[in-house]
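The primary structure of each chain is shown beneath.
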Amino acid sequence: MSPRAPGHRHVPRHRPGYLAAAAVFAVGMAGTTLPTPLYGLYREEIGFSELTVTLVFATYAVGVIFTLLLAGNHSDRAGRRPVLLVALLCGAASAVCFLLESGLPLLYTGRVFSGLSAGLLSGAATVTIMELAAPEDRSRAGFAATAANMGGLGCGPLIAGFLAEYAPAPLTLPFLVHLALLALAGAVVLALPETVADPRPRSRLRPQGLYVPAAVRPVFVPAAVAAFAGFSLLGLFTAVAPSFLAETLGEHNLAIIGTVVFGVFLASTAGQSVTGRFPASTALPLGCAVLVAGLLLVGASLAVRSLALLVAGGLCGGFGQGLAFRAGLAAVSAAAPAAHRAATVSSFFVVAYTGISLPVIGVGALAVALGVRDAGLIFAACATVVALGTGIWLYRRRAEIATP
């Protein structure tokens, strides 16, 4: 979108630009996955089942979806900066809940705040990055937005894993570090230019649920389905992979656990970096094909109890997810009218976060009855079928995607 497009004000070139907004996005999203390698410590301290782990995680996803449905379009009226600041405050509230944790209630509360933060960031930060970029930087800004999302999600487990394994106060220090980063991010937001021409920070919420303009739907539907399939793999690694590593593969080093999860999101970012080489009609089915290969490797790793295969599966699947995710998000954002861009992008993330939550709850329930290994094998089989079917469907519809 041109800096002078209707409904948005000119962006002064001397103010912080889209890379600064991307850094804010990454810091905010890192807090949402910070507890991933710490769940084993919480289980030892509080005592709960694998199903409870997935329910705690799903509380976050429900918070994301609720926020996207309630306020996904709010930054189109209130302005980008106020919404970003509220998102960072919700992230800080989540960190405080974990710092004060004395049982499951505060874990659930912390994850709810984390979901609120991610829900607000997913739509508002994505469009802020796109709108702050000059026309010639449009492609790079699209990569910056998706890379900040996935890179932030990956940095959370990496930071927490290393701090918990090698520094004192494993359940305290990660959240103190994140609070400091959030404070810096807040200062950056205050320095960012506002891209909404007539922001009304005190405007009331006007929930509109899932909203996708009719003209965008031919692009939105295939892109969202691919996002659902890819995010199911991310959900598995974010919520359940630590248990797989500990109980099935015998790996208890929190730094290694955090690194394995980080690798999946790093691979997603790598997949996003090559998306621009393909049209969306090619990148979407190709991403699903690579995702299928990754899921098959994950299933094989559990069957033969191999850490190397699990890492390979995560890297391969993450690459495929990133390839399809950036192609879908860029296509949806470009097709959406400026007045409804945040609402449309938020609807895209609703579908994605449904994929990151529902399958994971199923794995947790199966783990209670069958054990983590068998639950993972069933998940890998089901997710493979979904990703394969989605890839075939997208391949057959490639002409419609190319010319919406």
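Structure shown above.
Reference entry: report on the structure contained in this document. (Residues numbered from 1 in each chain as written. Predicted model: local features only at pLDDT ≥ 70, side-chain atom pairs only at ≥ 80, totals over all residues. Heavy atoms only, no water.)

## A word on the overall build of the protein chain
Each helix and strand in the protein chain was counted, giving 15 helices and 0 strands. Against the globule reference of 22 Å for 404 residues, the protein chain gives a C-alpha radius of gyration of 20 Å, in line with a compact fold. With respect to the three principal axes, the spread of C-alpha positions in the protein chain is 55 × 50 × 35 Å. Among the 404 residues that make up the protein chain, the fraction classed as buried is 57%. Once local pairs closer than 6 in sequence are excluded, the contacts in the protein chain between residues at least 24 apart make up 86%. Accessible surface computed for the protein chain: about 14700 Å², of which carbon and sulfur atoms make up 69%. Side-chain charges in the protein chain split into 24 positive and 15 negative, and the spacing between the mean points of these groups amounts to 14 Å. (Helix = DSSP H or I, 4+ residues; strand = E, 2+ residues; numbered from the N terminus. Rg over C-alpha atoms; globule rule 2.2 N^0.38 Å. Buried < 20%, exposed > 50% of the residue type's maximum accessible area, 1.4 Å probe, protein only. Contact = heavy atoms within 4.5 Å. Areas by Shrake-Rupley, 256 points an atom, 1.4 Å probe, with all protein chains shown as cover. Lys, Arg positive; Asp, Glu negative; His and termini not counted. Charge placed at Lys NZ, Arg CZ, Asp CG, Glu CD.)

## Quick look at the packing of helix α3 (residues 50-71) against helix α9 (residues 217-248)
The contact between α3 and α9 brings their axes to 10 Å, and the two run at 155 degrees. Considering their axes alone, α3 and α9 lie roughly antiparallel with respect to each other. Handedness of the crossing formed by α3 with α9: right-handed. Across the interface between the two elements, Glu50, Val53, Thr54 and Phe57 from α3 touch Gly235, Thr238, Ala239, Val240, Ser243 and Glu247 from α9. Here the residues of the contact of α3 with α9 sort into 4 nonpolar, 4 polar and 2 charged. (Axes fitted to C-alpha atoms, helices over the stretch in contact; angles between N-to-C directions. Parallel < 35°, antiparallel > 145°, perpendicular 65-115°, else oblique. Left-handed = near helix turned anticlockwise from the far one by under 90°. Nonpolar A, V, L, I, M, F, W, Y, C, P; charged D, E, K, R; others polar.)

## As for the packing of helix α1 (residues 18-33) against helix α6 (residues 104-132)
Relative orientation and spacing of two packed helices are given, respectively, by the angle between their axes and the distance between those axes. Between α1 and α6, whose axes approach to 9 Å, the crossing angle comes to 165 degrees. By the angle class used here, α1 and α6 are roughly antiparallel. Classified by chirality, the crossing of α6 by α1 is left-handed. Listed contacts from α6 to Tyr18, Ala21, Ala22, Phe25, Gly28, Met29, Gly31 and Thr32 of α1 are Arg111, Ser114, Ala118, Leu121, Ser122, Ala125, Thr126, Thr128, Ile129 and Leu132. Among the residues forming the contact of α1 with α6, the class breakdown is 10 nonpolar, 7 polar and 1 charged.

## So, a nonpolar patch on the surface
There is a patch of nonpolar side chains on the surface, built from Ile256, Leu307, Val311 and Leu315 and spanning about 260 Å² of accessible area. It is helix α12 (residues 307-335) that provides the largest number of residues to the nonpolar patch, a total of 3 residues. Of note, Ile256 is situated in helix α10 (residues 254-275). With a relative accessible area of 33%, Ile256 lands in the partly exposed category. (Patch = residues over 30% accessible without salt bridge, like charges linked within 9 Å, V, L, I, M, F, W, Y side chains within 5 Å. Salt bridge = Lys/Arg side-chain N within 4 Å of Asp/Glu carboxyl O.)

## So, unusual backbone geometry
It is generally the case that most residues other than glycine have a negative phi and that most peptide bonds are trans. Positive phi, normally seen in glycine, also occurs at Ala169, with a value near 55 degrees. Structurally, the position occupied by Ala169 is in the loop between α7 (138-166) and α8 (173-191). Here Ala169 falls in the partly exposed class, since its relative accessible area comes to 41%. One non-glycine residue, Arg305, lies in positive phi territory at about 55 degrees.

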